[in-house]
Amino acid sequence: KKSFSSGLTAMEKKLAEYKCNTNEAIQLKLVRFPEDLEDDNTTFNPEYSHQVFGDDEVAFGYKGLKIFLYYIAGNLSTLFRIEYTSKVNEKFDCVEADDVESKIREIIPPGFCTNTDDFVSLLEKEVNFKPFGMLLHTYSIHNEEAGEDITYQIYKADMTCPGFREYHERLQTFLMWFIETASFIDVDDERWNYFLVFEKYNKDGATLFATVGYMTVYNYYVYPDKTRPRVSQMLILPPFQGEGHGAQLLETVHRYYMSSPTVLDITAEDPSENYVKLRDFVHVKLCQDLLCFSPGKLMQGFSQEMVMEAQQKLKINKQHTRRVYEILRLRATDMGDAEQSRSYRLDVKRRLIGPYKKKQRELAKMRRCLRPEELTNQLNQIDLNMQHEQLEESFQQLVSDYRRVLERLAQA
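Identification of the protein as Histone acetyltransferase type B catalytic subunit from Nyctibius bracteatus is taken from an unreviewed UniProt entry. In its Catalytic activity (unreviewed entry) section, the UniProt record describing the protein reads: "L-lysyl-[protein] + acetyl-CoA = N(6)-acetyl-L-lysyl-[protein] + CoA + H(+)".

Written out as structure tokens, the structure reads:
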């Protein structure tokens, strides 16, 4: 009996060696030049692979597994290959390796290359690739490494642009690796707008375009004759993150909708923390010059005038305008002055306490409806001390987020 159990652990040990972390195994690249294929500096890995490989983010059955997903920088033609040093054998090991290939095939569109030579010959045709749709904005960013300014362009595209549907299918595969709860959208719904960021670069004297990132926006209908665009997905590809493209993209999208009288305001679907920080920055940058946000008016408190102006001129909704007001008021407040800082703190906390108050009203209502013995102690008034502590904590967290926005603004 004893030998049987130790034999099992040896088997288990052996099988444990055949587990690979899929976030490390998947190697992504955006290729401009043939030499990028051999250059490890151009490789990047997913942040997430749970949607394809399960919550453990593990592929079983291989040693030294490498999953290559290489994309041509502009039109995103794809090379997909798998390598490994060894694989479990059903005959000997009585277990089956995961079918890695079919899992990847489920998310990447057909028509990819499986060998490097085909991929490199496609790379030569890349000079014909041009961005889709209508040019909205051009900007440049100084690149330390290259020692020069690099030019970027933002385009608005739709499914009527020739080739865009296929391109978008390749582009959206990146969502799986970089957005935790990503899903593919229904491209046949005409209410989607697509905004794309490209970098212009030179190759053998020609100007080429590389994909930097994109945003999808859904135009919700608001009765009777308005729309409310809602940002659904936004991704700046990892090699370009931290350079300010997200802010350029969001501001361009706001400016695009600002010119439309039928747009009410812009919202976002389930925004991440990073997106909220980005949005705060862009909104404050847009609003800071409006008269209703002058320091004198900020000190008088949040006003209907701010709500109206931000919505009509900049398509920013009421909830977001309130954040803008709090950030700009922080900038105008001398937090070293006891009176000013107390006034600021009370003003923000009054907003933060709103949800608590609502909860207490609901509890009071329940108390009136239920017999006392049905009410557990838990439903008794939320412990006030805890509430104050939580409130103070939320306030401090907000102020530090707001300060970061103001620092970024000061550098912009």
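Moving on, there is more to tell.
Relative to the helices and strands, Glu-199 is located in strand E11 (residues 192–203). In this structure the side chain of Glu-199 is engaged in a polar contact, spanning 2.9 Å, whose partner is the side chain of Arg-32. If near-sequence neighbours (up to four positions away) are discounted, Glu-199 is found in contact with Arg-32, Ile-150, Thr-151, Tyr-152, Leu-208, Phe-209, Ala-210, Val-212 and Phe-240.

All right, on to the packing of helix H14 (residues 338–352) against helix H15 (residues 354–369) then. Where H14 contacts H15, the axes come no closer than 4 Å and their chain directions differ by 40°. Taken together, H14 and H15 sit at an angle that is classed as oblique. Every residue of H15 that contacts H14 at Arg-350, Arg-351 and Leu-352 is listed here: Gly-354, Pro-355 and Tyr-356.

Take the environment of Phe-33 next. Along the chain, Phe-33 falls in the loop between strand E2 (26–31) and strand E3 (43–44). Assessed through its relative accessible area of 27%, Phe-33 is described here as partly exposed. Between the C-alpha atom of Phe-33 and that of Glu-124, which follows or precedes it by 91 residues, the distance is 9.1 Å. Apart from residues lying up to four places away in sequence, Phe-33 is in contact with Leu-123, Tyr-201, Asn-202 and Lys-203.

This part covers the pairing of strand E10 (residues 148–157). Most of E10 sits inside the fold, with 7 of its 10 residues counted as buried. By the bridge criterion, 9 bridges tie strand E9 (residues 134–143) to E10 in an arrangement that is antiparallel. The partner of His-137 across the bridge, within E10, is Ile-154. Linking two consecutive strands that pair antiparallel, namely E9 and E10, is a turn of 4 residues; a positive phi of about 65° is found at Gly-147 within it. Pairing of E10 with E11, which is carried by 6 bridges, proceeds in the antiparallel orientation. Its bridge partner being in E11, Gln-153 is matched across the sheet by Phe-198.

If you trace the backbone, Glu-190 turns up in the loop between helix H8 (173–178) and E11. On the basis of relative accessible area, Glu-190 is assigned to the exposed category, the value being 76%. Sequence separation of Glu-190 and Met-159 is 31 residues, and the distance between their C-alpha atoms is 8.1 Å.

Scoring rules and cut-offs
- Residues numbered from 1 in each chain as written.
- Predicted model: local features only at pLDDT ≥ 70, side-chain atom pairs only at ≥ 80, totals over all residues.
- Heavy atoms only, no water.
- UniProt positions renumbered as here; feature names shortened; annotations may be inferred.
- Helix = DSSP H or I, 4+ residues; strand = E, 2+ residues; numbered from the N terminus.
- Polar contact = N/O pair within 3.5 Å; in protein donor to acceptor, adjacent residues only side chain to side chain.
- Contact = heavy atoms within 4.5 Å.
- Axes fitted to C-alpha atoms, helices over the stretch in contact; angles between N-to-C directions.
- Parallel < 35°, antiparallel > 145°, perpendicular 65-115°, else oblique.
- Buried < 20%, exposed > 50% of the residue type's maximum accessible area, 1.4 Å probe, protein only.
- Pairing = 2+ DSSP bridges.

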